[in-house]
Amino acid sequence: MRRNALSVLPNAAYQEEIVSGTMGPRRWHLVQGPEAMKRIFLDNVENYPKSSVMVRMLRPAAGNSLMTASGDDWRWQRRAIGPVFASRNMGHLAPMMVEAAEIAAARIAARLPTDRAKGVWPTSMTRPVT
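Residues numbered from 1 in each chain as written. Predicted model: local features only at pLDDT ≥ 70, side-chain atom pairs only at ≥ 80, totals over all residues. Heavy atoms only, no water.

Helix and strand counts for the protein come out as 5 helices and 2 strands. From first element to last, N terminus to C terminus, the protein shows the α and β order β-β-α-α-α-α-α. When each of the 130 residues of the protein is scored for burial, the buried share is 19%. With an accessible surface of roughly 10300 Å², the protein has 59% of that area assigned to carbon and sulfur atoms. (Helix = DSSP H or I, 4+ residues; strand = E, 2+ residues; numbered from the N terminus. Buried < 20%, exposed > 50% of the residue type's maximum accessible area, 1.4 Å probe, protein only. Areas by Shrake-Rupley, 256 points an atom, 1.4 Å probe, with all protein chains shown as cover.)

Printed below as a string of structure tokens:
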């Protein structure tokens, strides 16, 4: 897990919209489907609190961002960033996102043998975009 945090995810996490599992006594859910994400992140956010473990792990790197904030602070940040990701802007953002992904893929390919590069997610992938 230290070399590749995504290595702990089951293969189903790359194919299914919702995957659940356990890690020790704790239950976890990975949600990737658009309808479920809308329900969690917009329509019913109060019923899906962030894990204190996740917040403790992410806060040193992400600060008080959308990934770690909650309540009114999260809502304010979500409203502030929402217009950037409106469909009218996606055509302008997509090329930058593709470029960032290509840079990250090249960085991975340069550091790892080809057979090990598949499935590695660099935490610095968005750095060129921000």
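We now examine the pattern of salt bridges. One pass over the structure, following the stated rule, counts 3 salt bridges. Between Arg75 and Glu46 there is a salt bridge whose closest N-O contact spans 2.9 Å. Of the two residues, Arg75 is situated in helix H3 (residues 71-81) and Glu46 in the loop between helix H1 (34-43) and helix H2 (52-62); the sequence distance between them amounts to 29 residues. For Arg75, a relative accessible area of 24% corresponds to the partly exposed category. Among the residues examined, Glu46 registers a relative accessible area of 56% and is labelled exposed. Shared partners join several salt bridges into a network, and the residues in it are Glu46, Asp72 and Arg75. (Salt bridge = Lys/Arg side-chain N within 4 Å of Asp/Glu carboxyl O.)

Now for the confidence of the model for the protein. Looking at the protein, the pLDDT average stands at 81 and 83% of residues meet or exceed 70. Ranking the elements of the protein by mean pLDDT puts helix H5 (residues 114-117) last with 53 and H3 first with 91. Across residues 121-127 the pLDDT falls below 50, and counting only partners more than four positions away or on other chains, this stretch makes 9 contacts in the model. (pLDDT = per-residue confidence, 0-100. Contact = heavy atoms within 4.5 Å.)

Let us now look at a nonpolar patch on the surface. Taken together, the side chains of Ile81, Val84, Phe85 and Met97 make up a nonpolar region of the molecular surface, amounting to roughly 320 Å² of accessible area. Tracing the chain through its elements places Ile81 in helix H3. (Patch = residues over 30% accessible without salt bridge, like charges linked within 9 Å, V, L, I, M, F, W, Y side chains within 5 Å.)

Mapped onto the fold, Thr68 is located in the loop between H2 and H3. Aside from chain neighbours lying at most four places away, what touches Thr68 is Lys50, Val55, Leu58, Arg59, Ala62 and Gly63.

What follows covers the pairing of strand E2 (residues 26-31). Within E2, only 0 of the 6 residues are buried, which leaves it mostly out in the open. Where strand E1 (residues 18-23) meets E2, 6 bridges bridge the pair, whose relative direction is antiparallel. The residue of E2 that forms the bridge with Ile18 is Val31. If you look at the hairpin formed by E1 and E2, you'll find 2 residues sitting between the two strands, and Gly24 has a positive phi there, around 65°. (Pairing = 2+ DSSP bridges.)

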